[in-house]
Amino acid sequence: MSSYYKRPRFSSGKLLRAEHMGALEWQCFEFPSLFFQGWGNGVLAGCKLLTTEDTVTMGPGIVRFEGELFGVREPVSVEYYPTDEIRYLKLYIGSNEGNDTCDIRRFSLILSDHERLGSGELELCRFRLQPGAYLRCAYTDFRDRETLYDTLNTIHESWSAPGGTSLSPDITAAYAEEALSIGGIPDLDIAVCLQWLDPKFAVSKKVIQHYLAHYSCLEIGQEVGNKVLFQGLLTRLEQLKTGRGQGTRNAKPARRMILVD
């Protein structure tokens, strides 16, 4: 059995047949998805969150959902108000509203009181806004990212990554930047952080797990969520700041020598 690669050629006087249009459709829409086989549902790139005094806006980006890639071309916004309760900001991807000539998907932002995701929903952040407070999206340091009051907490944001979902690249980049500012950190940490400093996509959850397990900040093999990964990174950051945990959990004791005069 053989497989063929077809690429239509565009030139004056050429007639594009149905099979040529089918090849063009595959090239434009199906082919890029092959690069992300096995990745989970979530944001793939972009979709930055910004706040004003009464609005949260998600910028343009790319989302992977149910095996397909969707481009969000325009910003999407939703109004918010203080409730002093945890609110969950979710991206809702509607079902196909098109016909046999065009697929149409609607993207909306939803503020919910429930953590559980419904059909077509992806979490972007959560927050607890107090009356009179301003909802911020800037952070003072890495630990500040776990703040819930009056702050966009994106630890649980759904980011597509190899093998499933993971922490957003903004979070791993923020960890890398703060860790690299510490003098005398081990070579392994430097290598990892340099890779995370300017990522194109989210870092695989498995990669983060192995890195943290190397310094006994996380047990390898257990199924973990974003919160556990973040807490593990906080632990490793504290180790680096205090000079602890420079070696690995499997490190052998140094060889001792006795000199006899």
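Refer to the preceding data block for the structure.
We now turn to the structure provided with this report. Every chain begins its residue count from 1, and numbering advances along the sequence as written. Local features are withheld for residues below a pLDDT of 70 in this predicted model, meaning they are given only at 70 or higher, and side-chain atom pairs are given and counted only at 80 or more; totals for whole chains, interfaces and linings count all residues. For the side-chain quantities, the full set of heavy atoms in the structure was used; hydrogens and water were omitted.

## Let's talk about the side chain of Ser204
Under the convention used in this document: Secondary structure elements are taken from DSSP: a helix is a run of H or I of four residues or more, a strand is a run of E of two residues or more, and numbering for both begins at the N terminus. Residues adjacent in sequence count toward polar contacts only when both atoms are side-chain atoms; beyond that, a polar contact is any pair of N or O atoms within 3.5 Å, and within protein one must be able to donate a hydrogen and the other to accept it.
One can find Ser204 in the loop between helix 3 (187-196) and helix 4 (205-214). Of the polar contacts made by the side chain of Ser204, one reaches the backbone nitrogen of Lys206; its length is 3.2 Å.

## Quick notes on the nonpolar core
We count it as follows: In these notes, a set of buried Ala, Val, Leu, Ile, Met, Phe, Trp, Tyr and Cys residues joined through side-chain atoms within 4.5 Å is what counts as a nonpolar core. Think of it in three bands: residues with accessible area under 20% of the maximum for their type are buried, residues over 50% are exposed, and the middle band is partly exposed, with areas taken using a 1.4 Å probe on protein chains only. The contact criterion used throughout is that any non-hydrogen atoms of two residues lie within 4.5 Å.
Core analysis: the largest hydrophobic core is formed by 28 residues, its most contacted members being Met58 and Leu89. For this core, the elements supplying multiple residues, two or more each, are strand 3 (55-58), strand 4 (61-65), strand 5 (68-72), strand 6 (76-79), strand 7 (86-93), strand 8 (107-112), strand 9 (121-128) and strand 10 (159-161). If sequence neighbours within four positions are ignored, Met58 has contacts with Cys47, Lys48, Leu49, Val72, Pro75, Val76, Leu91, Leu109 and Leu124. Judged by nonpolar contacts, the second largest core, of 27 residues, contains Leu167, Trp196, Tyr215 and Leu218.

## A few points about a nonpolar patch on the surface
Stated formally: Exposure above 30% relative accessible area and no salt bridge define the residues that can form patches, which grow by joining like charges within 9 Å and nonpolar side chains of Val, Leu, Ile, Met, Phe, Trp and Tyr within 5 Å. To be clear on the numbers: accessible area is Shrake-Rupley with a 1.4 Å probe, and residue cover counts the displayed protein chains and nothing else. Note on definitions: salt bridges are taken to be side-chain nitrogens of Lys or Arg within 4 Å of carboxyl oxygens of Asp or Glu.
Where nonpolar side chains cluster on the molecular surface, the patch consists of Trp26, Phe31, Leu34 and Phe35 and spans about 400 Å² of accessible area. Within the secondary structure, Phe35 sits in the loop between helix 1 (18-30) and strand 1 (42-46).

## Things to note about the sheet that holds strand 6
Selection criterion: Between any two strands, pairing holds if DSSP finds at least two bridges. Here, axes are lines fitted to C-alpha atoms. For helices the fit covers the stretch in contact, and angles between N-to-C directions go from 0 to 180 degrees.
Taken together, three strands build an open sheet; the order of strands is 2-3-6 and the sheet is antiparallel. Strand pairing shows two members of the sheet lacking a second neighbour, strand 2 (49-51) and strand 6, which therefore form its edges. Within this sheet the neighbouring strands show an average axis-to-axis angle of 20°, counted without direction. Taken together, the four bridges between strand 3 and strand 6 define a ladder with antiparallel strand orientation.

## Quick notes on the sheet that holds strand 7
With antiparallel pairing, three strands are arranged side by side in an open sheet as 8-7-9. In this open sheet, the two strands that pair with only one neighbour each are strand 8 and strand 9. For this sheet, the mean inter-axis angle between neighbouring strands, taken without regard to orientation, is 20°. With seven bridges connecting them, strand 7 and strand 9 associate as antiparallel partners. Its bridge partner lying in strand 9, Arg87 is registered against Phe127.

## Quick notes on the pattern of salt bridges
Going through the model one piece at a time under the given rule, you end up with eleven salt bridges. Linking Asp84 and Arg128 is a salt bridge whose minimum nitrogen-to-oxygen distance equals 3.5 Å. One end of the pair, Asp84, is in the loop between strand 6 and strand 7; the other, Arg128, is in strand 9, with 44 residues separating them in the sequence. Close ionic contact of Arg136 with Asp144 constitutes a salt bridge, the shortest N to O distance being 2.8 Å.

## Side note on unusual backbone geometry
What you tend to see is this: most non-glycine residues have negative phi, and most peptide bonds are trans. Despite not being glycine, Glu66 shows a phi value in the positive range, around 50°. Positionally, Glu66 belongs in the loop between strand 4 and strand 5. Positive phi, normally seen in glycine, also occurs at Ser216, with a value near 60°. Residue position: Ser216 is located in the loop between helix 4 and helix 5 (226-242).

## Quick notes on the pairing of strand 7
Most of strand 7 sits out of view: six of its eight residues are buried. Here strand 7 runs beside strand 8; their pairing, made up of six bridges, is antiparallel. Across the sheet, residue Ile93 finds its bridge partner in strand 8, namely Phe107.

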